[in-house]
Amino acid sequence: MKYRIEKDTMGEVQVPADKYWGAQTERSRNNFKIGPAASMPKEIIEGFAYLKKAAAYANYDLGVLPIEKRDAIAAVCDEILEGKLDDQFPLVIWQTGSGTQSNMNVNEVIANRAQVLKCFEIGEGEQFIKANDDVNKSQSSNDTFPTGMHIAAYKMVVETTIPGVEKLHATLAKKAAEYKDVVKIGRTHLMDATPLTLGQEISGYAAQLAFGLKALKNTLAHLSEIALGGTAVGTGLNTPKGYDVKVAEYIAKFTKHPFITAENKFEALAAHDAIVETHGALKQLAVSLNKIANDVRMLASGPRSGIGEIHIPENEPGSSIMPGKVNPTQCEALTMVCAQVIGNDMAIAVGGMQGHYELNVFKPVMAANFLQSAQLLGDACVSFDEHCAQGIEPNHKRIKELVDNSLMLVTALNTKIGYYKAAEIAQTAHKNGTTLKEEAVRLGYVTPEDFDAWVKPEDMV
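Residues numbered from 1 in each chain as written. Predicted model: local features only at pLDDT ≥ 70, side-chain atom pairs only at ≥ 80, totals over all residues. Heavy atoms only, no water.

Enquirer: Describe the overall build of the protein chain, with residues and values.
Expert: Scanning the protein chain from N- to C-terminus turns up 18 helices and ten strands. Scored against the burial criterion, the 461 residues of the protein chain give a buried share of 51%. Pairs at least 24 apart in sequence give 72% of the contacts found in the protein chain among residues at least 6 apart. Just so you have it, the protein chain exposes about 21600 Å², and 54% of that area is on carbon and sulfur atoms. Of the charged side chains in the protein chain, 46 are positive and 56 negative; the average position of the first set lies 1 Å away from that of the second. (Helix = DSSP H or I, 4+ residues; strand = E, 2+ residues; numbered from the N terminus. Buried < 20%, exposed > 50% of the residue type's maximum accessible area, 1.4 Å probe, protein only. Contact = heavy atoms within 4.5 Å. Areas by Shrake-Rupley, 256 points an atom, 1.4 Å probe, with all protein chains shown as cover. Lys, Arg positive; Asp, Glu negative; His and termini not counted. Charge placed at Lys NZ, Arg CZ, Asp CG, Glu CD.)

Okay, structure coming up:
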């Protein structure tokens, strides 16, 4: 492999000749060889591209950057957003907690790529654009990384998570209406309870997702606030007047999302409560989805030796040894996603605690965990919807069998003969293996005609 020499304030470093990154990127690449699959998320790099382009435009408007440098920076940022430079960002999550190396990775790639676009060799004579002086103008790693975090997190939630959850919610709401008259037995404590309809049961799932979506959307206002303009500690040192507002306006324009400058830059750098808050809403959705998926797989259990009240799609063979076995794989995948999201929430909570004085130093791990959760939930909801929820159908024969055999129908007699006589009927029927009607009549508490008139599952929902 051929190398070239790059310099930073610590001296010279050999860098692969075919790469655009520079000395600081190479130092980080060599110093943090941690984890086989721990690359900085692409969404964070794209967030940087948006903010670097916006910063160049704001700096030009405010008279501190020439137009030719603005356009060169913007051109490279557009290449990053188009995915043309994906192999130029080799750094991992496990680096400095401020994300300084990733900020410099982006700065160096933009500067060196701009040099090439201007038909210069990298490192040839005076740099056309300098990583620190031009690409990083009016910025610090301390305000660029949290800005990149918010851009990436907001976009992922709005473009992936919310649409995925809304898709599944719509299907469940439709199923709730479709099966509103299918009377089935209810269960509490995993034991038989009074009847309800399948539609009512599914409506609970739809309501859970509706509540979760509302909570998630309510966090977006805080997440839309960006730190850019705070520079090193939140004071805005080395920025031209009005820069923070203008750069936020450009980010909003380029991303087509309503980003605004953070009201308090000290909070934006030293704490990441918006990330903690929004991920808390993602965790809430994970808790809801875990309940829904577990209910579906238990209701579909069997097909002959379980509950079997609903049919779900049969998507693939379920066993390498048991012929014909089919498993609730979408339920299993969704609950595993929920477990991951709930685990990620703990890492984010711990990360949120690491704001020491003017800077939080757990930014990369918080960003990576957030983005994983947001994408997993959105993708898993779409998968569960398309390959499971849309195909849910009631097993009418099994539902009727279980309703007719339920001891808890005796609850309808409470107001007629009292709780204690009704309990005696249920306990005796269970002990003798007989029906409620048989024991109610034998014990002399009701007539056959009264039992038929009073114990109607369809009237108990």
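Enquirer: Can you lay out helix H16 (residues 419-432) for me, pointing to particular residues and giving the numbers?
Expert: Across its 14 residues, H16 extends 20 Å between first and last C-alpha, which sits within 8% of the 20 Å expected from 1.5 Å per residue. For H16, the full list of buried residues reads Ala422, Ala423, Ile425, Ala426, Thr428 and Ala429. Against the buried residues of H16 lie helix H15 (414-417) and helix H17 (436-442). Looking one or two residues past H16, glycine 433 carries a phi angle of roughly 70°, positive in sign. (Expected span 1.5 Å × (residues − 1).)

Enquirer: Account for empty space enclosed by the protein, naming residues and giving values.
Expert: Applying the stated rule across the entire model yields three cavities of 30 Å³ or more. Considering only enclosed or pocket space, the largest cavity measures out at about 90 Å³ in volume. Lining the largest cavity are 13 residues, with His150, Glu225, Glu267, Ala268 and Ala274 sitting closest to its centre. At the level of elements, strand S5 (225-226), helix H10 (265-270) and helix H11 (273-299) are the ones that each hand at least two residues to the lining of the largest cavity. Here the lining of the largest cavity gets three residues from one element, more than from any other, and that element is H11. Class assignment of the residues belonging to the lining of the largest cavity gives a composition of seven nonpolar, three polar and three charged. (1 Å grid on protein atoms, 1.4 Å probe; cavity = no way out; pocket = protein on both sides within 12 Å on 5 of 7 lines; lining within 4 Å. Points joined across faces, edges and corners; volume = space filled by probe spheres on them. Nonpolar A, V, L, I, M, F, W, Y, C, P; charged D, E, K, R; others polar.)

Enquirer: Describe in detail the environment of lysine 325, supporting the description with residues and values.
Expert: Summarising the element assignment, lysine 325 is placed in the loop between strand S7 (310-311) and helix H12 (329-352). Measuring from C-alpha to C-alpha, the distance between lysine 325 and glycine 302 comes to 10.0 Å, with 23 residues separating the pair along the chain. Apart from the residues within four sequence positions on either side, lysine 325 is in contact with Pro317, Gly318 and Ser319.

Enquirer: Lay out the pattern of salt bridges with the relevant residues and their values.
Expert: Once the charged atoms of two side chains with opposite charge are near each other, the side chains can pair. Under the defined criterion, the tally for this structure stands at 27 salt bridges. Here lysine 42 makes a salt bridge to aspartate 86, at a shortest N to O gap of 3.4 Å. Remark: aspartate 86 occurs in the loop between helix H3 (67-81) and helix H4 (100-117) and lysine 42 occurs in helix H2 (residues 42-61); sequence separation between them is 44 residues. Aspartate 86 gets classed as partly exposed once you look at its relative accessible area, which sits at 40%. A single network of salt bridges, built from pairs that share partners, joins Lys184, Arg187, Glu201 and Glu309. (Salt bridge = Lys/Arg side-chain N within 4 Å of Asp/Glu carboxyl O.)

Enquirer: Kindly report on the nonpolar core, identifying the contributing residues and their values.
Expert: Core analysis: the biggest nonpolar cluster contains 106 residues, and Ile44, Leu172, Val296, Phe370 and Phe384 have the highest contact counts within it. Among the elements that take part in this core, helix H6 (residues 141-178) stands out by supplying 13 residues, more than any other. Setting aside chain neighbours within four positions, we find phenylalanine 370 in contact with Ala153, Val157, Leu223, Ile275, Thr278, His279, Leu282 and Ile348. Residues Leu407, Leu409, Val410 and Ala422 belong to the second largest nonpolar core, which totals 15 residues. (Core = buried A, V, L, I, M, F, W, Y, C linked by side-chain atoms within 4.5 Å.)

Enquirer: Could you give me a rundown of the packing of H6 against H11, with the residues and numbers involved?
Expert: As a packed pair, H6 and H11 sit with axes 12 Å apart at the nearest point and diverge in direction by 25°. Considering their axes alone, H6 and H11 lie roughly parallel with respect to each other. Every pair of crossing elements has a handedness; the one defined by H6 and H11 is left-handed. Contacts between H6 and H11 involve Met149, His150, Ala153, Val157, Thr161, Val165, Leu168 and Leu172 on the former and, on the latter, Ala274, Ile275, Thr278, Leu282, Leu285, Leu289 and Ile292. Classifying every residue of the contact of H6 with H11 gives twelve nonpolar, three polar and no charged. (Axes fitted to C-alpha atoms, helices over the stretch in contact; angles between N-to-C directions. Parallel < 35°, antiparallel > 145°, perpendicular 65-115°, else oblique. Left-handed = near helix turned anticlockwise from the far one by under 90°.)

Spatial relationships are all this shows, so hold off on functional conclusions.
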